[in-house]
Amino acid sequence: MSDDSVGVYVHVPFCERVCPYCDFAVVAARRLSPDQEQGYVDALLSELERRAESYAGRRLASLYLGGGTPSLLRPASVARIIRRVHETFDAAGSVEVTLEANPGSLERQRLPGFRAAGVNRISMGVQSFSDITLKRLGRAHRAAEARLALAAAREAGFDQLSLDLILAAPGQALEAFERDLEEAVAFGPEHVSLYELSIEPGTPFALADARGQLRRPNETGVLAMLEQAEHRLAAAGYARYELSNFARPGFEAVHNRRYWERRPVLGLGVGAVSSDPPSARAPFGVRRQNTRDLARYLDCTGRAESAEDRDAEIFDAATARGEAVFLALRTARGLDSARFSDEFGSPPRGFWEASIDELVGRGLLEEAPGGDLCLTDRGRLLSDSVFQYFV
Amino acid sequence: MTDVQRIRNFCIIAHIDHGKSTLADRLLDATQALSKRERRAQFLDKMDLERERGITIKAQTVRLRHRARDGEEYILNLIDTPGHVDFSYEVSRALQACEGALLVIDAVQGIEAQTLANAYLAIDAGLEIIPVINKIDLPTADPDKVAQEIEDVIGLDSADALQVSAKEGKGIEALLQAIIDKIPPPAGDLSAPSRGLIFDSWFDPYVGVVMLGRIFDGKLEVGDSIRMMETDIERDIQTLHVIDPHPRKVSSLAAGEVGMIVAGIKTLTEVRIGDTITHAKNGAAEPLPGFVAVKPMVFSGLYPVEAEDYEDLKTALQKLQLNDASLVYEPETSAALGFGFRCGFLGFLHSEIVQERLEREYDLNLISTAPTVRYRVISQDGESFEIESPAALPDASAIKRIEEPMILATIHVPPEYVGPVLGLCQERRGTQRDMAHHGSRVQVRYELPLSEVVFDFHDKIKSVTRGYGSFDYDLLDYRQAPLVKLDVLVNGDPIDALSLIVHKDAAFHRGTELVRKLKEFIPRQMFEVALQAAIGSKVIARTTVKALRKNVTAKCYGGDISRKRKLLEKQKAGKKRMKRVGNVEIPQEAFLAALKLGDS
């Protein structure tokens, strides 16, 4: 994992309302007061200052403002954050700066401001172009707003747009999903993320699902949607470069790829997760998560005591190896045998000879002559079953 | 040395829960065997005492002193007997060590199957029987009715019956006097070559095997060289003890006496219950009568769920056998379950006890194959041999006939439950031998194949009679039956652990149930899984577990990765607990469910 770059993730926990399937660290804040906003940004910047040391000398490759709903921040706040991050780290060429945005009217007006603040990529949480689906998902926005927001983003000069679509939403029929796909393709974003609705324990959806009230499409239905999506997006020039992500050539997400390639990411804010680079004490790196409690997080501001040490996970070789495989196999590029060997002293076959033979034999895994591994079409559908062999 | 005329050796026999332990405790109290401090706790809880004394006492055998009405002090040896049906041989040996027995009968419940079984054993052993009607303090007690049952069912004179309440200590004095008056003192020739009956033994971590014996002739002294007449093992006596109620060293045990013998024996397998102990030189010519080598009746394979626990299981079985010589085991390999042991038990209760102890005391997670009995196979060329495992059954074409062990089941039940009991016995291929009304109870006797009771017969009796039925059995003989081997196949590979020997009429039903049950518990895999039940090459039932088509996590970014990985690890751990047959992963629950199907 010889790498001198760093990605910075900034978590903005505020949402106008909390979606019934969401289990992220979020706080419902219909209106974010200026004081609240400034207080949070102050805390972020003080955390950046405190923690930059562990990433000293690294060059900035990406900055990602996620949430929550980072578009609830005023452009001035976003600018403060971007500026300070740039002051902290030298750039490694052009830096991808992504902001997740909700397609609401408030955000729409702010898009030019975000652009001016230095954001160069927008990830728009469209989810669907069907009002019924959006309602069932408990989303605040409607399809018309999504269309306006996308147009506004183009108008503001964003030439890197990503669009989130959801699949297997409650009551969603294949035809409805196909219409979503068509409209997405017609708009022509550079990047599409396609997420199957997952039911997370503890969310209102989990409860409804347990009661059989969610009317989710069955397995056959979901498979048909997946197949249709891959087919339609491929025809429109989008490559499936990761299990849930499609992009036109050259527009793959720089920041998110860092996770699948296990490159260092400094995570700032409530509940943010960092992947510290390897050190003498932790040769395979450390993953740590900040507190998910906003009050506690704010409380740590300016104190020597840090908010992030709580859940530090120091990797041992075996855990790191397992993650290296299953994260890499999520991508179309697959697992680079040489890079793996550099880090762990032996190619994947040195650790999983029998498993690789079995998975290749079952047509789930493809092995290149040099030992690189990637999932087959069937392997992508059964990826979790494949990954179990390596963790 | 005590005058033999003032020794009484007796035991207490009873159906379970009729108050045997409480009565024993009351006898201890009445004879002031225990100090006040000890009396506060139930004496049965003697773990701490064992630790303090550095020697274990397994049985509740104890020596009491009692001053009788004639002013003389008597030694009363209360000899313990094992508590359940699988140990009837051990019971018979313990009875042989006595001259009398207290037959305890619950004043509410009346005579039960075990009461009767034990009473007959005692009568066969030539014991003087004192009927004791216990729990007369209960409001629903009906001692007169029970007295009548004693006459009608057992044929004992109920005029001799004593009425007691062990709980309240009523009638205990009279009982002690009756023991002295009615039970004869031991016979035996002090000058004859020594003979002692071993009626119990256990392993003690400090001194090795401890034998509990009753001396019939002659005298054993510390330092004597002794010989076990059955196993032909010679040792020197290291210590002798009486238990009154704590082990106390004595220098000798003479004819009529009961005590513990320690002779440097290291393993229980060297000591057989019922063996005769004599002097190595100038010993007795003939052993005491009645020795039978105990043979296991019920067999099943025990396998560790985790293959790496095999050594632990082996050690646990070795340790368990130290205290339970009737447990036998030998290594066995199953294609489906890996390395394990084929174990033999005295009966199905015994097998349950052993498995429970292995799991609880040795913290093992086990898979047990369906219990089977010892079948007798007569091959086409006339050769006869016995098998204890379905896997050992040769091809059907090579078999002339198969014989299975039969039992005589004695069931006691209130009249209103006779119907369901008869139904159950018929279902289990039973043949009614007779039925008799005894007061408020009906005694039903059935000839049944042992294989039909090894699963859950006892439980079923309890459930169809709402707990009022009781059950006991004796082995009868071997009889021919149309039996077949039923195999279960997963994607064409037989699961040897699920093979069964069944009556041919039951095969289709069992086969269908087995594959249905398995399907319920086998998770979908990356490919289709065919489940079949077959007799030889003939498939009689089939079902399919459809292939898993999709198993994907959508999002996986910074915050999701650890959680995602832990989920994968958890799923993998779950898979690891499964057993692989061919390339199919089968969870332990599937085996358990299939094996539990039993005769339901």
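Per chain, residue numbering runs from 1 following the sequence as it is written. Each chain is given a letter, starting from A, and each ligand a number, starting from 1, according to the order in which they appear as written. Local features in this predicted model are restricted to residues whose pLDDT is 70 or higher, and side-chain atom pairs enter the listing and the counts only when it is 80 or higher, whereas totals over whole chains, interfaces and linings include all residues. Calculation of side-chain values draws on the structure's entire complement of heavy atoms; hydrogens and water are dropped beforehand.

A.B. asks: Is there a simple way to explain the nonpolar core in this structure?
C.D. replies: Joining through side-chain atoms within 4.5 Å is the link that ties buried Ala, Val, Leu, Ile, Met, Phe, Trp, Tyr and Cys residues into a set, and such a set is a nonpolar core. With a 1.4 Å probe rolled over the protein chains alone, any residue whose accessible area is under 20% of its type maximum counts as buried; one over 50% counts as exposed, and the rest are partly exposed. Counting 112 residues, the largest nonpolar core has L329(A), F390(A) and I495(B) as the members making the most contacts within it. Ranked by residue count, the leading element in this core is helix α11 (residues 317–329) of chain A, at seven residues. The split of the chain into domains comes from an automatic or database domain assignment. Here this core gathers at least three residues from each of two domains, domain 1 (5–259) and domain 2 (318–390) of chain A. Setting aside residues no more than four positions away along its own chain, L329(A) makes contact with L335(A), L365(A), L373(A), C374(A), L375(A), V386(A), F387(A) and F390(A). One finds V8(A), V222(A), A229(A) and V270(A) within the second-largest nonpolar core, a separate group that totals 67 residues. A run of H or I in DSSP counts as a helix once it spans at least four residues, and a run of E counts as a strand once it spans at least two, with each numbered from the N terminus. When checking whether two residues touch, look at their non-hydrogen atoms; a contact exists if any pair is within 4.5 Å.

A.B. asks: So what exactly am I meant to see when it comes to helix α5 (residues 113–124) of chain B here?
C.D. replies: An α-helix turns once per 3.6 residues; consequently, residues spaced three or four apart project the same way. Residues and elements named next belong to chain B. End to end, α5 covers 17 Å across twelve residues, agreeing with the expected 16 Å (1.5 Å per residue, within 8%). Those residues of α5 lying buried are A113, Q114, T115, L116, N118, A119 and A122. One or two positions beyond α5, positive phi appears at G126, with a value near 75°. The span you would expect from a helix comes to 1.5 Å times its residue count less one.

A.B. asks: What should I look at first to understand the packing of aromatic side chains in this one?
C.D. replies: The relation between two aromatic rings is expressed through the spacing of the ring centres and the mutual angle of the planes. Centres within 6.5 Å are what make two rings of Phe, Tyr or Trp a pair, Trp counting through its six-membered ring; a difference in plane orientation under 30 degrees is then read as stacked, over 60 as edge-to-face, and the rest as tilted. A full pass over the atoms with the stated rule returns 18 aromatic pairs over all chains. Relative to F341(B), the ring of Y310(B) has its centre 5.0 Å away and its plane inclined at 5°; by these criteria the two rings are stacked. In this pair, Y310(B) is assigned in helix α8 (residues 310–323) and F341(B) in strand β19 (residues 338–345), connecting sequence segments 31 residues apart. A relative accessible area of 17% means that Y310(B) is categorised as buried. F341(B) sits in the buried class, given a relative accessible area of 1%. Through a chain of ring-to-ring contacts, the aromatic side chains of F284(A), F340(A), F344(A), F351(A), W352(A) and F390(A) assemble into a single cluster. Note that R376(B) overlies the ring of Y478(B), its terminal NZ or CZ placed 4.1 Å from the centroid. In our convention, an over-ring charge means Lys NZ or Arg CZ found within 6 Å of a ring centre and within 35 degrees of that ring's normal.

A.B. asks: Would you mind going over the side chain of E90(B) with me for this structure?
C.D. replies: Considering the arrangement of structural elements, one finds E90(B) in helix α4 (residues 88–96). The residues touching E90(B), leaving out its near neighbours within four places in the chain, are P82(B), I273(B), S326(B) and L346(B).

A.B. asks: What exactly am I supposed to notice about the pairing of strand β32 (residues 538–545) of chain B here?
C.D. replies: Working note: regular strand, side chains alternate between the two faces of the sheet. Residue and element names in this part refer to chain B. The pairing criterion for strands is at least two bridges between them, as found by DSSP. Note that strand β31 (residues 529–535) and β32 share seven bridges and pair antiparallel. Bridge pairing in β32 places Q532 opposite R542. Hairpin connection from β31 to β32: two residues lie between these consecutive antiparallel strands, with G536 at a positive phi of about 60°.

A.B. asks: Looking at this model, I keep getting lost on helix α8 (residues 219–235) of chain A. Mind explaining?
C.D. replies: Residue and element names in this part refer to chain A. The first and last C-alpha atoms of α8 sit 24 Å apart over 17 residues, in line with the 24 Å expected at 1.5 Å per residue. All of the buried residues in α8 are V222, L223, M225, L226, A229 and L233. Projected onto a plane normal to the axis of α8, the buried residues spread over an arc of 160° and lie on a single side. Exposed residues lying more than 90 degrees from the buried face of α8 are E227, H231 and A235. Those residues of α8 that are buried lie in contact with β7 (161–167), α6 (174–187), β8 (191–196), β10 (245–247) and α14 (377–381). Where α8 ends, the next residue or the one after it, G237, has phi of about 95°, a positive value. The arc in question is the one traced by the directions running from the helix axis out to the C-beta atoms.

A.B. asks: Where do I start with the interface of chain A and chain B in this structure?
C.D. replies: Often, the extent of an interface is quoted as the loss of accessible area on bringing the components together. The interface is formed by 41 residues belonging to chain A together with 28 residues belonging to chain B. Around 3,300 Å² of area is buried between chain A and chain B when both sides are counted, 51% of it from carbon and sulfur atoms. We define buried area as the total accessible area lost by two parts upon association, computed with a 1.4 Å probe and summed across both. The largest share of the area that chain A buries against chain B comes from E219(A), D384(A) and Q388(A), three residues that together contribute 19% of it. The salt bridge definition used is simple: a Lys or Arg side-chain nitrogen within 4 Å of an Asp or Glu carboxyl oxygen. Applying the counting rule to chain A against chain B returns eight salt bridges. When the shortest N-O distance is used, the salt bridge between R565(B) and E313(A) registers 2.4 Å.

A.B. asks: How should I be thinking about the environment of A239(A) in this particular structure?
C.D. replies: All names here are of chain A. Here A239 lies in strand β9 (residues 239–242). For the pair A239 and P249, spaced ten residues apart in the sequence, the C-alpha separation amounts to 7.2 Å. With sequence-adjacent residues up to four places away left out, A239 is seen in contact with N245, F246 and A247.

A.B. asks: I keep staring at the sheet that holds strand β8 (residues 208–217) of chain B and nothing clicks. Help me out?
C.D. replies: Within a sheet, each strand pairs with its neighbour through backbone hydrogen bonds, oriented either parallel or antiparallel. Residues and elements named next belong to chain B. Strand order in this open sheet of eight strands is β11-β10-β16-β7-β8-β15-β12-β13, and the pairing throughout is antiparallel. Looking at which strands have only one partner, the edges of the open sheet turn out to be β11 (233–236) and β13 (247–250). Going across the sheet, the axis of each strand differs from the next one's by a mean of 40°, ignoring polarity. Pairing of strand β10 (residues 225–228) with β11 involves four bridges; the strand directions are antiparallel. Opposite S225, over in β11, you have D236 as the bridge partner. Axis definition: a line fit to C-alpha positions, over the contact stretch in the case of helices; interaxial angles, taken between N-to-C directions, run 0 to 180 degrees.

A.B. asks: For this particular structure, what's the right way to read the sheet that holds strand β1 (residues 7–14) of chain B?
C.D. replies: Residues and elements named next belong to chain B. In spatial order, the strands read β2-β3-β1-β4-β5-β6; together these six strands make up an open sheet with mixed pairing. Each edge of the open sheet carries a strand with a single partner, namely β2 (62–67) and β6 (162–163). Direction of pairing for strand β5 (residues 128–134) relative to β6: parallel, over a ladder of two bridges. When the bridges of β6 are listed, V132 appears paired with L162. Sheet strands touched by helix α1 (residues 20–30): β1, β2, β3 (73–79), β4 (100–106) and β5. Its angle to β1, the strand with the most contacts, is close to 150°. This element, α5, spans β1, β4 and β5 of the sheet and lies at about 165° to β4.

A.B. asks: What am I meant to see in the side chain of T410(B) here?
C.D. replies: Its location among the elements puts T410(B) in strand β24 (residues 399–413). If we ignore the near neighbours within four places in the chain, the residues touching T410(B) are A113(B), Q443(B), V444(B), R445(B), S470(B), F471(B) and D472(B).

A.B. asks: Any chance you could explain the pattern of salt bridges here in plain terms?
C.D. replies: Pairing of side chains with opposite charge becomes possible as their charged atoms draw close. All names here are of chain B. In this structure the tally under the stated criterion is 70 salt bridges over all chains. A salt bridge links D505 to K504, with the nearest nitrogen and oxygen atoms 3.3 Å apart. You can call K504 partly exposed: its relative accessible area is 47%. Because the salt bridges share partners, they merge into one network encompassing R374, R376, E386, E388, R401 and E403.

A.B. asks: Before we go on, may I ask you to explain the confidence of the model for chain B in this structure?
C.D. replies: Reading fine detail from the predicted coordinates is not recommended where pLDDT is low. Residue and element names in this part refer to chain B. pLDDT runs from 0 to 100 and stands for how confident the predictor is about each residue. Confidence in the prediction for chain B averages 87 pLDDT; 94% of positions are at 70 or higher. The model gives residues 44–54 a pLDDT under 50, and that stretch makes 14 contacts with residues more than four places away or in other chains. Predicted complex, confidence summary: ipTM 0.90, pTM 0.65.

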